[in-house]
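Observations on the three-dimensional arrangement
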Amino acid sequence: MIRLEARSAPSRLWSVLSPLVALAITVAVAATLFAALGKDPVRGLEIFLLKPWSGLRALTELGLKATPLILCALGLALAFRANVWNIGAEGQFLVGGIVGGGLALLVTTAGLPVNRWLFFPALVLAGAVGGMIWASVAAFLKDRFNANEILVSLMLVYVADLFLSWLVFGPWKDPGGYNFPQTVNFAAATNVPRIIPGMRLHWGFALAILGAVAMWVFMFRTYRGMQLLVGGPAPAAARYAGFSARVALWSTFLISGALAGIAGALEVAGPMGQLTPHVSQGYGFAAIIVAFVGRLHPLGAVVASLVLATFSIGGELAQSRLGLPAAITGVFQGVLLLALLGCDTLILYRPRWSAR
Amino acid sequence: MSELALLVAATLAAGTPLALAGLGLLVNERAGVVNLGAEGMMAIAAVTGFAAAFLSGNEWVGFAAGAVAGAAAASILGWLSLWLYTNQYATGLALSLFGGGFSAFVGAGYVGKSLERKVVGGIPGLRDLPFLGPALFRQHLLVYLSIALMAALAWFFYRTRPGLVLRSIGEAPESAHALGYPVRRIRMAAVLLGGALCGVSGAYLSIVYAPMWVEGMIAGRGWIALALTVFATWRPARVLLGAYLFGGVTMLQLYLQGKGVQVPLQFMSMLPYLSTILVLVVISRDPLWIRLNMPASLGKTFHPGS
């Protein structure tokens with residue numbers, strides 16, 4: 001029988017190996033599933049994992065998909081490290097998209113002449129404000145009334161979703177849109193500038209990478225960042241050192257909310273160019289998986305975002321090329337996180353054979 | 001008058017899935033395990049139950065399949081968190097994300113299919129009473145079974161020895177372990193039972209309440225059921241009461257619409273979520289009150305022999 005024995009110190013090796021083993025398990029599950037569905041597993045994996053990486057256009061699409069994931073996951077990594085459970089990044093993403101999209105809509109309908117490079121920072125700011133507003137609701141209710149932040153931030157996702165739906169079915173609906181629930185197409189000047197002409201990848205991707213570097217500096221090279229991180233593994237020590245749990249709660253919620261909101265605004269004024277009821281493809285939830293797979297590390301979040309973006313594009317390709325439901329992406333995302341949590345046990349424990 | 005009777009009846013029907021899931025989660029949490037995977041387990045069970053009912057033509061086969069699917073999904077959380085010592089919150093969350101994806105994948109072939117709508121018989125003799133008949137006695141059998149379940153759980157928790165053992169494991173697993181109780185196995189049993197009940201709840205939604213399968217049809221009910229256990233301060237009768245309260249809020253939106261109240265549909269649909277937040281705020285205001293009522297080991301990992 002195998003028994004788990006606590007290690008005297010966390011294993012650094014397994015901390016790095018665990019996501020790789022989890023990924024291998026997910027790939028094995030994927031191959032089995034393809035075979036069980038009567039598809040050639042080799043071809044299935046090729047379409048699912050390699051096709052999203054072949055060619056410049058595919059790579060730019062990958063970066064485009066990874067952008068919102070990186071931004072959301074950066075904030076969540078910080079929050080989870082500080083033991084603050086913001087599960088509502090999806091809602092903060094949506095409100096950021098609403099505020100950013102609202103700004104673009106205002107410029108469009110008023111016919112304001114704007115410079116694309118001046119509008120870009122305004123859009124980012126609008127998204128950040130929207131995300132922060134939504135995040136501060138959960139932070140306030142936790143701070144003032146001790147209401148569970150997991151459940152409150154989750155409930156706010158449904159509220160944000162319904163609010164967006166009301167806007168695009170109601171006051172913000174395109175009058176000339178044949179009654180479809182969507183806004184008018186935003187003016188070209190409000191669209192996020194693209195990096196390569198003809199490709200959808202925009203400068204938001206560069207912003208996300210910059211954000212990852214900034215988050216790394218904040219987490220590991222500033223006193224304030226360290227204050228936040230101590231509260232996670234050692235709340236008593238943090239209290240003793242005079243680091244406030246309230247400051248950690250508010251600052252992590254506001255930062256993660258702002259980042260999710262920016263992601264939403266970039267998505268709306270980037271590839272979409274209008275508001276619809278389906279602004280997010282579950283980026284806020286997928287970012288939770290990204291944060292964990294990326295070891296709650298800013299640079300890990302970038303790598304993990306590319307993995308999840310691969311799954312996402314792979315799922316779309318599996319639908320068009322293999323006739324499988326695109327929802328297969330969600331299955332693999334879930335398997336990846338469950339496998340990762342199981343593998344993470346080996347960081348703190350060592351398996352031992354015992355006689356009985 | 002007859003309108004009020006219909007409102008009461010609709011409240012019972014809408015509250016029952018919350019009651020079933022809430023009672024299941026209560027069993028988990030009384031044993032010290034918090035299962036944030038409720039939403040995912042219900043989704044998996046809803047699609048499994050629907051498929052089973054669709055293929056067999058028998059709704060009870062569907063409920064049974066839903067229970068098995070819910071328990072199977074819960075066993076993932078049980079195994080990971082009890083034997084591999086994973087964080088219960090993260091694992092539950094992972095289960096919910098997995099359940100959302102898995103149900104959408106499996107259910108892709110069942111979208112748009114519908115079950116034959118059954119005429120609900122209700123309770124013979126009582127169903128024809130004026131007012132009370134249409135209000136209370138023309139419900140699906142599961143509605144009455146969930147009330148019986150509440151009574152059975154209250155009796156089990158507070159009047160039986162195994163119930164006492166289960167509660168003590170939720171309060172002080174180390175002490176229970178020292179007394180020789182198999183803490184992890186009992187917790188696993190509680191997790192499986194909780195999963196099965198969430199499963200029946202999910203199957204009820206897709207077979208009786210909707211009755212159809214659509215992606216995302218659980219619509220946060222798993223999370224609301226989790227909030228219910230807090231609202232109920234972990235007592236069975238209050239879970240049932242809370243479930244009907246939320247059922248009533250859900251029905252209120254339809255009622256107000258029928259009355260021609262001019263509020264956009266989306267704002268009405270926000271009501272259950274906003275009420276959940278309100279309830280959490282009111283009940284959590286006093287941290288001491290929560291600490292006194294919450295199973296002391298809730299969410300904490302138990303290491304035998306440490």
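Residues numbered from 1 in each chain as written. Chains lettered and ligands numbered in written order. Predicted model: local features only at pLDDT ≥ 70, side-chain atom pairs only at ≥ 80, totals over all residues.

Regarding the overall build of chain B
- A tally of helices and strands in chain B yields 13 helices and zero strands.
- Order of helices (α) and strands (β) in chain B, N terminus to C terminus: α-α-α-α-α-α-α-α-α-α-α-α-α.
- The C-alpha radius of gyration of chain B comes to 19 Å, within 12% of the 19 Å expected for a compact globule of 306 residues.
- Principal-axis analysis of the C-alpha atoms gives chain B an extent of 60 × 45 × 40 Å.
- Every one of the 306 residues in chain B was classed for burial, and the buried ones make up 51%. (Helix = DSSP H or I, 4+ residues; strand = E, 2+ residues; numbered from the N terminus. Rg over C-alpha atoms; globule rule 2.2 N^0.38 Å. Buried ≥ 20, exposed ≤ 12 C-beta atoms within 10 Å, placed from the backbone.)

A word on the overall build of chain A
- The helix and strand tally for chain A stands at 13 helices and two strands.
- For 356 residues, the compact-globule estimate of 2.2 N^0.38 gives 21 Å, and chain A sits close to it at 21 Å.
- Taking the principal axes of the C-alpha coordinates as reference, chain A spans close to 75 × 60 × 35 Å.
- Buried positions account for 52% of the 356 residues belonging to chain A.

Quick word on the interface of chain A and chain B
- Each partner contributes to the interface: chain A provides 38 residues, whereas chain B provides 37 residues.
- Of all the elements, helix α13 (residues 328-348) of chain A adds the most residues to the side of chain A that touches chain B, at 13 residues.
- Looking at the side of chain A that touches chain B, its residues break down into 27 nonpolar, ten polar and one charged. (Contact = placed C-beta atoms within 7 Å. Nonpolar A, V, L, I, M, F, W, Y, C, P; charged D, E, K, R; others polar.)

Focus: unusual backbone geometry
- For Asn83 of chain A, which is not glycine, the phi dihedral falls at a positive 65 degrees.
- For Asn83 of chain A, a count of 18 C-beta atoms within 10 Å gives the class partly exposed.
- For Trp234 of chain B, which is not glycine, the phi dihedral falls at a positive 60 degrees.
- Structurally, Trp234 of chain B is set in the loop between α10 (221-231) and α11 (236-258).
- Residue Trp234 of chain B is classed as buried on the basis of its C-beta count, with 21 C-beta atoms lying within 10 Å.

Quick word on helix α9 (residues 183-209) of chain B
- With 27 residues, α9 of chain B ought to run about 39 Å at 1.5 Å a step, and its terminal C-alpha atoms sit 37 Å apart, in line with that.
- In terms of burial, α9 of chain B is a largely internal element, 23 of the 27 residues being buried. (Expected span 1.5 Å × (residues − 1).)

Some remarks on the pairing of strand β1 (residues 2-6) of chain A
All names here are of chain A.
- Burial runs low along β1: only zero of the five residues are buried.
- One ladder, built from five bridges, connects β1 with strand β2 (residues 349-353); its direction is antiparallel. Among the inter-strand pairings, Arg3 is bridged to a residue of β2, identified as Arg352. (Pairing = 2+ DSSP bridges.)

Quick notes on the nonpolar core
- The biggest cluster of nonpolar side chains holds 218 residues, and the ones touching the most others in it are Leu69, Cys72, Ala73, Ala287 and Val290 of chain A together with Ala46 of chain B.
- Per element, the largest residue contribution to this core is 16 residues, and it comes from α9 of chain B.
- Leaving out residues up to four positions away in the same chain, Ala46 of chain B has contacts with Ser103, Gly202, Ala203, Leu205, Ser206, Trp213, Met217 and Ile218 of chain B. (Core = buried A, V, L, I, M, F, W, Y, C linked by C-beta atoms within 7 Å.)

Points about α11 of chain B
All names here are of chain B.
- Between the first and last C-alpha of α11 there are 33 Å, a value that for 23 residues agrees with the 33 Å anticipated at 1.5 Å per step.
- The largest bend along α11 measures about 25 degrees and falls at Met251.
- By the burial criterion, the buried members of α11 are Pro236, Val239, Leu240, Gly242, Ala243, Phe246, Gly247, Val249, Thr250 and Met251.
- Where α11 is buried, its residues touch α1 (2-30), α6 (141-159), α10 and α12 (265-284).
- Directly after α11, the chain includes Gly260, whose backbone phi takes a positive value near 80 degrees. (Bend = angle between axes of the 7 residues up to and from the residue.)

Let's talk about the packing of α1 of chain B against α10 of chain B
All names here are of chain B.
- Here α1 crosses α10 at 55 degrees, and the two axes come no closer than 8 Å. Compared by their axis directions, α1 and α10 come out oblique. Both α1 and α10 take part in a crossing whose hand is right-handed. Each of Pro17, Leu18, Ala21, Gly22, Leu25, Leu26 and Glu29 in α1 lies in contact with α10, whose residues at this interface are Arg221, Gly222, Ile224, Ala225, Leu226, Leu228 and Thr229.
- Partitioned by chemical class, the residues of the contact of α1 with α10 number nine nonpolar, three polar and two charged. (Axes fitted to C-alpha atoms, helices over the stretch in contact; angles between N-to-C directions. Parallel < 35°, antiparallel > 145°, perpendicular 65-115°, else oblique. Left-handed = near helix turned anticlockwise from the far one by under 90°.)

Notes on the packing of helix α3 (residues 59-83) of chain B against helix α4 (residues 88-107) of chain B
All names here are of chain B.
- For the pair α3 and α4, the least separation of the axes is 10 Å and the interaxial angle reads 155 degrees. Considered as vectors, α3 and α4 are oriented roughly antiparallel to each other. Once α3 is placed against α4, the crossing between them reads as right-handed. Touching Ala73, Ile76, Leu77, Leu80 and Ser81 of α3 are Gln88, Thr91, Gly92, Leu95 and Gly99, all from α4.
- Of the residues that constitute the contact of α3 with α4, the class distribution is five nonpolar, five polar and no charged.

Things to note about the confidence of the model for chain B
- Overall, the prediction assigns chain B a mean pLDDT of 92, with 99% of residues at 70 or greater.
- On the interface metric, ipTM, the complex scores 0.93, and its pTM is 0.94. (pLDDT = per-residue confidence, 0-100.)

Here we look at the environment of Gly40 of chain B
All names here are of chain B.
- You can see Gly40 is positioned in helix α2 (residues 38-56).
- For Gly40, a count of 32 C-beta atoms within 10 Å corresponds to the buried category.
- For Gly40, the contacting residues outside a window of four places in its chain are Ala73, Leu95, Ser96, Leu97, Phe98, Gly99 and Gly100.

With respect to the environment of Ala38 of chain B
Residue and element names in this part refer to chain B.
- As for its position among the elements, Ala38 is in helix α2.
- Ala38 sits in the buried class, given 35 other C-beta atoms within 10 Å.
- Each C-alpha atom, one on Ala38 and one on Ala74, is 8.5 Å from the other, the two residues being 36 residues apart in sequence.
- Not counting residues up to four positions away in its chain, the partners in contact with Ala38 are Ala21, Leu25, Cys198, Gly222, Ala225 and Leu226.

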